[in-house]
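One letter stands for each residue in the lines below.
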Amino acid sequence: MKKLWMMVLSVAVLSTGAFAKEIYVTIGSDAIDMSQKSLMTANAIATSSEITVLKINEKDIEKLSHLMHVNFNRCGGFIVHDSEQEAIAVLNNNAVRKTAKSLNFLNYTITEGERVQNMISRVNEFKMRDMILKLSSFNNRYYKSQSGVDSQAYVKSTWEAIAAGRTDAKVEYFMHSAWPQPSVVMTVEGSTMKDEILVIGGHADSIAGFWGRERARAPGADDNASGIATITEIMRVMMETGYKPQRTVKFMAYAAEEVGLKGSKAIADQYKAQGKNVVGVVQFDMTNHKGTKNLDIVFMKDFTNEAQTKFMGSLIDTYVTGVSWGYSKCGYGCSDHASWHNVGYPASMPFESTMGDINGKIHTKNDTIDAVGSQDTADHAEKFARLGVAYLVEMGK
Ligand code: BES
Ligand code: ZN
């Protein structure tokens, strides 16, 4: 009984003390001197070159907001967090993302001319077209529907047939407990640097409509049967020529991208937690709609690694003859590369057009291979498969 009264008393004291509550904000590190000088209660408790976690008294929030506006012309310019841990996590993640963007993860060199050229010459547009048509023929590949499970079984058996006879290769499901559609992963074990991993991926799911998505027609030919066909062709040429990489290569067909990058996030988070050394990630999402007149391959600048992306531009200049390239940006984490980027791995996303010229048919029943920009062929996607082969061999060494 005495204990209960003590509890009631302490709760009452805590709640009446709320007006003097300490809170945690993240704020640009350039504003720290000013904040600490102007606010008696401000205390920087963790800092990076970009942002700082500041502990302040709740009553000073408005004053800080005003100071930021006057001194830095920023509207607010800081974020209030629920807890100290949350503020620190944001700071840490910013550092992680900065690393993922700016660090050189490898010495990027171009040395495998003969092998790359031979392999590139074998890229077959008909086979890619066939794969796009086959994947589009499932009613949809939605992450919650049976056809989305069946389409992944089709990807798995197609990849198994391609890898048949290679003892260094295996194809597995990566199961997701929260929904039925699995991701599919082919691993080709590296011969001399097997702990260094390259990821060549794209999402296998499709989506259309708002209600009844399980039943909606969603061929997803461009978004993203084209990317899966691109990946499949890279691995087919790899097996046809008997190429054995020194680094481990993982080909991935992610589940559940269209509902918030869920499949790739589960995989990337697990790799991070297990301390896996992923040295390169490339995302093929939408490769078959030629939307921009004077540009073939457009690299997304956000949620990607600068050095690796620049290297991929050099690979096009060296090997993918007649193909032009440039830059654009999504403005948000628009595809699975962001899942890898957010945990600190270097990713690139070569895309089919600029954001301004995006394929308006995606996420509808009209995302089919006969749409304008594809014209019943896989001609545009073929360029990406050539680039992917060059990436595989120059990064795999
Ligand atoms: N393939 C798209 C992403 C995309 C669309 C990139 C257009 C560039 C131009 C992807 O499948 C997608 O639809 N992403 C979602 C976001 C995701 C977090 C659910 C989107 O863009 O709405
Ligand atoms: Zn999409």
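Within every chain, residues take consecutive numbers counted from 1 along the sequence as written. Lettering of chains starts at A and numbering of ligands starts at 1, both following the order in which they are written. A pLDDT threshold of at least 70 governs which residues receive local features in this predicted model, and a stricter bar of 80 or more applies before side-chain atom pairs are shown or counted, although totals over entire chains, interfaces and linings include all residues. Side-chain numbers here rest on the full set of heavy atoms in the structure, without hydrogens or water.

All right, on to the coordination of the zinc ion (ligand 2) then. At the metal site, the zinc ion (ligand 2) is ligated by Asp223 (OD), Glu258 (OE), Glu258 (OE) and His363 (NE2), and these contacts range over 2.0 to 2.3 Å. Note that the zinc ion (ligand 2) binds 6 donor atoms; their angles at the metal cover 58 to 157°, and the shape is irregular. Written as a sequence motif, the donor arrangement for the zinc ion (ligand 2) is D-x34-E-x104-H. Separated by 35 residues along the polypeptide, Asp223 in helix α8 (residues 221-240) and Glu258 in the loop between β8 (247-254) and α9 (262-273) bring together distant segments of the chain. Each residue is assigned to one of three classes by its accessible area relative to the maximum for its type, calculated with a 1.4 Å probe on protein chains only: buried under 20%, partly exposed between the two thresholds, exposed over 50%. Classification of Asp223 as buried rests on a relative accessible area of 4%. Note on Glu258: relative accessible area 17%, which makes it buried. With water excluded from the atoms, a metal site may look incomplete; its donors are any N, O or S atoms within 2.8 Å, or within 3.2 Å for Na, K and Ca. For four-coordinate sites, all angles between 85 and 135 degrees define a tetrahedron; for four- and six-coordinate sites, opposite donors beyond 155 degrees with the remaining angles between 65 and 115 define square planar and octahedral shapes respectively, and all other cases count as irregular. Labels follow the DSSP assignment, with helices taken as runs of H or I lasting at least four residues and strands as runs of E lasting at least two, numbered in each case from the N terminus.

On to the domain arrangement of the protein, then. Either an automatic procedure or a domain database provided the assignment from which the domain bounds are taken. One can read the domain layout of the protein as domain 1 (20-92) and domain 2 (105-396). Computed over C-alpha atoms only, the centres of domain 1 and domain 2 are separated by 41 Å.

Here we take up the side chain of Thr287. Position of Thr287 among the secondary structure elements: in the loop between β9 (277-283) and β10 (297-300). Here a polar contact is taken to be a pair of N or O atoms separated by no more than 3.5 Å, where protein atoms must pair a possible hydrogen donor with a possible acceptor and residues adjacent in sequence count only if both atoms sit in side chains. Side chain to side chain, Thr287 and Thr230 meet in a polar contact 3.1 Å long. Residue contacts are defined here by distance: any two heavy atoms, one from each residue, within 4.5 Å place the two residues in contact. Residues in contact with Thr287, not counting those within four places in the same chain, are Asp222, Ser226, Gly227, Thr230, Glu352, His380, Ala381 and Phe384.

Here, any two strands with at least 2 DSSP bridges between them count as paired. Taken in spatial order, the 6 strands of this open sheet run β5-β6-β8-β7-β9-β12, and their pairing is mixed. What marks the edges here is a single partner per strand, and that holds for β5 (169-174) and β12 (347-348). Between N-to-C directions, angles span 0 to 180 degrees; the directions come from axes that are lines fitted to C-alpha atoms, helices contributing only their stretch in contact. Strands β5, β6 (183-188) and β8 of the sheet are contacted by helix α7 (residues 146-163), whose axis makes an angle of about 170° with β5. The sheet contacts of α8 involve β5, β6, β7 (193-203) and β8, and relative to β7 the element is tilted by about 145°.

Criterion for a salt bridge: a side-chain nitrogen of Lys or Arg within 4 Å of a carboxyl oxygen of Asp or Glu. Applying the stated rule across the entire model yields 13 salt bridges. For the salt bridge of Lys290 with Asp296, the shortest nitrogen-to-oxygen distance reads 3.6 Å. By relative accessible area, Lys290 is classed as partly exposed at 29%. By sharing partners, the salt bridges in this structure join Arg122, Glu233, Arg236 and Glu240 into a single network.

A few words on the packing of helix α10 (residues 306-319) against helix α12 (residues 379-396). One way to put it is that α10 packs onto α12 with a least axis distance of 10 Å and a crossing angle of 115°. Between α10 and α12, the crossing angle belongs to the class labelled roughly perpendicular. Crossing handedness for the pair α10 and α12: right-handed. Across the interface between the two elements, Gln308, Phe311, Met312, Leu315, Ile316 and Tyr319 from α10 touch Leu387, Ala390, Tyr391, Glu394 and Met395 from α12. Put simply, Ala, Val, Leu, Ile, Met, Phe, Trp, Tyr, Cys and Pro go in the nonpolar bin, Asp, Glu, Lys and Arg in the charged bin, and everything else, Gly too, in the polar bin. Of the residues assigned to the contact of α10 with α12, the class counts are 9 nonpolar, 1 polar and 1 charged. By the definition adopted for this analysis, an angle is roughly parallel if under 35 degrees, roughly antiparallel if over 145, roughly perpendicular if from 65 to 115, and oblique otherwise. Note on convention: the crossing is left-handed when the near helix lies turned anticlockwise from the far helix by less than a right angle, right-handed when the turn is clockwise.

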